[in-house]
Amino acid sequence: MNSISTIKVQAPRDELLDQARVIGELAWSLRAQGDRDRRMSDQVVDALRASGLMKLCRHRRWGGAEADPMTFLDVGRELARGSASLGWIYTVLGFHDWYMAFASDQLQQDVWGDEPDAFVCDSFAPVGQIERVADGYVLTGQWRFASGIEWASWIGVGGIAVAPDGERPEHILFFLPKKDLTIHDDWNTLGLRGTASRAVSVDRIFVPEHRAFALGRTAVERGAVVNDGPLWRMPLMTMQGLAVLTPSVGVAQRMVDEFHAWTNQRVRPYEGIPAKEMPAAQLILASAATQWDAVWALAQKYAEYGWNRALSGESFVITDEERAQLFSWRGFIGRTSVELSDELYTSAGAMALFETHPMQQCFRDIHSTGVHIGVDRADAYTSRGRVAMGLPGNPNH
């Protein structure tokens, strides 16, 4: 496939991957523009929207495919291989499409009833000031890292409040149409510039009860999903984890590809020797490629683990031991992706310092994916070690 077109979201995986590869390469060709503008080109986002790939994790009721998480991972890897920002937008917004199936029917109608191609983003941190009033809530506050806000129609922002059907304060997402927000152009970052993950704020805005969604409950209870397909038996943290680990895998693969291509053409200036003939370059490439193989194998195992649990019909809740193990896998994937990329970049020579060199942006992007709390290796390994010793692990991952 060499052109971008709308595909059926139920298409075979090879066809989906072909389409993702085309869109990824379009994003790669426009990477300088996205980096300069601090937002992806609308041409890239329009292609992604038109392709139908964004609906892979959406409920069939709203035109989605309810695809398995391995397909979600594979498509996200291909997109991130073309652009870390593109992969980030795809996986993070795709995760939002997944969890919306647990939200109230009226909220889903609000979001997709009149705009079936609408994107939903969020800023999950519970930093808003929430006041309970009749039939809803009044919100005030500012939230950062609203990935996808430039192209989304709706956003969920976090706060602590008593849910309409609750008895005690809990973490709630309050959904607002983008037109009700003020967007702040604060996205001046090392990498992932194309995500345009800007800050948003509101001042005493009313949110009706049906747009208050206690997302954390989906980790311990099923929620009101219309059907009982296996995708809705996936653990919440497994799906969220896929959203943050997948871009790292794709960018690391691009780093291996670009080091290989650059070394093939590079001539060491003092010796006049082709770099590809240097044993050190061969060793570094083989080491990084092997580490990437391990990262990719574990990422696939991560997706398959959750899916096999979902297909088995077992409990929707994972154990503390499983939670800690899966967190440690994400930590390994995220940090190893960064480390193999570091080795490649520092071995590429001084020309890689320039913004025009393809490895420079990949280097910045991989470090930006690696700082997400969901792939924090130190936290993840500590949590797994504590659980192994009979102590409480990190309950939030």
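For every chain, the first residue of the written sequence is number 1, and numbering continues from 1 along that sequence. Restriction of local features to residues with pLDDT of at least 70 applies here, the model being predicted, together with a cutoff of 80 or more for giving and counting side-chain atom pairs; totals for whole chains, interfaces and linings are based on all residues. Side-chain calculation: all heavy atoms of the structure are included, whereas hydrogens and water are not.

(A) Spatial organisation of helix H8 (residues 279–312). Each helix corresponds to a stretch of at least 4 residues labelled H or I by DSSP, and each strand to a stretch of at least 2 residues labelled E; elements are numbered beginning at the N terminus. Expected span, for any helix, means 1.5 Å times one less than how many residues it has. Over its 34 residues, H8 extends 49 Å from the first C-alpha to the last, a length consistent with the 50 Å expected when each residue adds 1.5 Å. Gly-313, located one to two residues past H8, shows a positive phi value of around 75 degrees.

(B) Representation of the packing of helix H9 (residues 320–346) against helix H11 (residues 377–388). Close contact between H9 and H11 brings their axes to 8 Å; oriented N to C, the two are set at 150 degrees. Comparing their axes, H11 and H9 come out roughly antiparallel. Note on packing geometry: the crossing formed by H9 with H11 is left-handed. Touching Asp-320, Glu-321, Ala-324, Gln-325, Phe-327, Ser-328, Trp-329, Gly-331, Phe-332, Arg-335 and Glu-339 of H9 are Arg-377, Asp-379, Ala-380, Tyr-381, Ser-383, Arg-384 and Val-387, all from H11. Residue composition of the contact of H9 with H11, by class: seven nonpolar, four polar and seven charged. Between N-to-C directions, angles span 0 to 180 degrees; the directions come from axes that are lines fitted to C-alpha atoms, helices contributing only their stretch in contact. By the definition adopted for this analysis, an angle is roughly parallel if under 35 degrees, roughly antiparallel if over 145, roughly perpendicular if from 65 to 115, and oblique otherwise. Crossing handedness is defined as follows: a turn of the near helix away from the far one that is anticlockwise and smaller than a right angle gives a left-handed crossing, while the clockwise case is right-handed. Whether two residues touch is decided by their heavy atoms; if any such pair falls within 4.5 Å, the residues are in contact. Polar here means any residue other than Ala, Val, Leu, Ile, Met, Phe, Trp, Tyr, Cys and Pro, which are nonpolar, and Asp, Glu, Lys and Arg, which are charged; Gly is therefore polar.

(C) Broad picture of the packing of aromatic side chains. Between the rings of Phe, Tyr and Trp (Trp by its six-membered ring), a pair exists once the centres lie within 6.5 Å; its type follows the angle of the planes, with under 30 degrees stacked, over 60 edge-to-face, and the other angles tilted. A full pass over the atoms with the stated rule returns 13 aromatic pairs. Geometrically, the ring pair formed by Trp-98 and Phe-102 is edge-to-face, given 5.2 Å between the ring centres and 65 degrees between the ring planes. Categorising residues by exposure relies on relative accessible area from a 1.4 Å probe, with only protein chains included: less than 20% of the type maximum marks a residue as buried, more than 50% marks it as exposed, and the intermediate range marks it as partly exposed. Taking relative accessible area as the criterion, Trp-98 reaches 0% and is therefore assigned buried. Under the relative-accessibility criterion, Phe-102 is labelled buried at 6%. Their ring planes at 15 degrees and their centres at 5.9 Å tell us that Trp-292 and Trp-296 sit as a pair that is stacked. Of this pair, Trp-292 and Trp-296 both sit in helix H8, four residues apart, which is roughly one turn of that helix. This pair shows no difference in class: Trp-292 is buried, exactly as Trp-296 is. Ring pairs connect the aromatic residues Phe-95, Trp-98, Tyr-99, Phe-102, Phe-213 and Trp-232, which therefore count as one cluster. Put simply, a charge is over a ring when the Lys NZ or the Arg CZ is close to the ring centre, within 6 Å, and near the line of the ring normal, within 35 degrees. Over the aromatic face of Trp-28 sits the side chain of Arg-31, whose NZ or CZ is 4.0 Å from the ring centroid. Sitting over the face of the ring of Trp-28, Arg-254 holds its NZ or CZ atom 3.9 Å from the ring centroid.

(D) Layout of unusual backbone geometry. Despite not being glycine, Phe-145 has its phi angle at roughly 60 degrees, a positive value. Mapped onto the elements, Phe-145 comes out in strand S2 (residues 136–146). One non-glycine residue with positive phi stands out, namely Ala-196, at about 50 degrees.

(E) The pairing of strand S1 (residues 120–133), seen in detail. Bridge count between S1 and strand S3 (residues 154–162): five bridges; the pairing is parallel. The partner of Asp-122 across the bridge, within S3, is Gly-156. What makes two strands pair is DSSP finding at least two bridges between them. Where S1 lies against S2, five bridges are found, and the strand directions are antiparallel. Bridge pairing links Val-133 to Gly-136 in S2. Where S1 folds back onto S2 in an antiparallel hairpin, the turn is made up of two residues, including Asp-135, whose phi is positive at roughly 65 degrees.

(F) Here's a closer look at the pattern of salt bridges. Whenever Lys or Arg places a side-chain nitrogen within 4 Å of a carboxyl oxygen from Asp or Glu, that contact is recorded as a salt bridge. Throughout the structure, instances matching the rule amount to 32 salt bridges. Arg-21 is the salt-bridge partner of Asp-18, the closest N and O atoms lying 3.0 Å from each other. With a gap of three residues between them, Asp-18 and Arg-21 both fall in helix H1 (residues 13–29), about one helical turn apart. Taking relative accessible area as the criterion, Asp-18 reaches 28% and is therefore assigned partly exposed. Since its relative accessible area comes to 34%, Arg-21 is described here as partly exposed.

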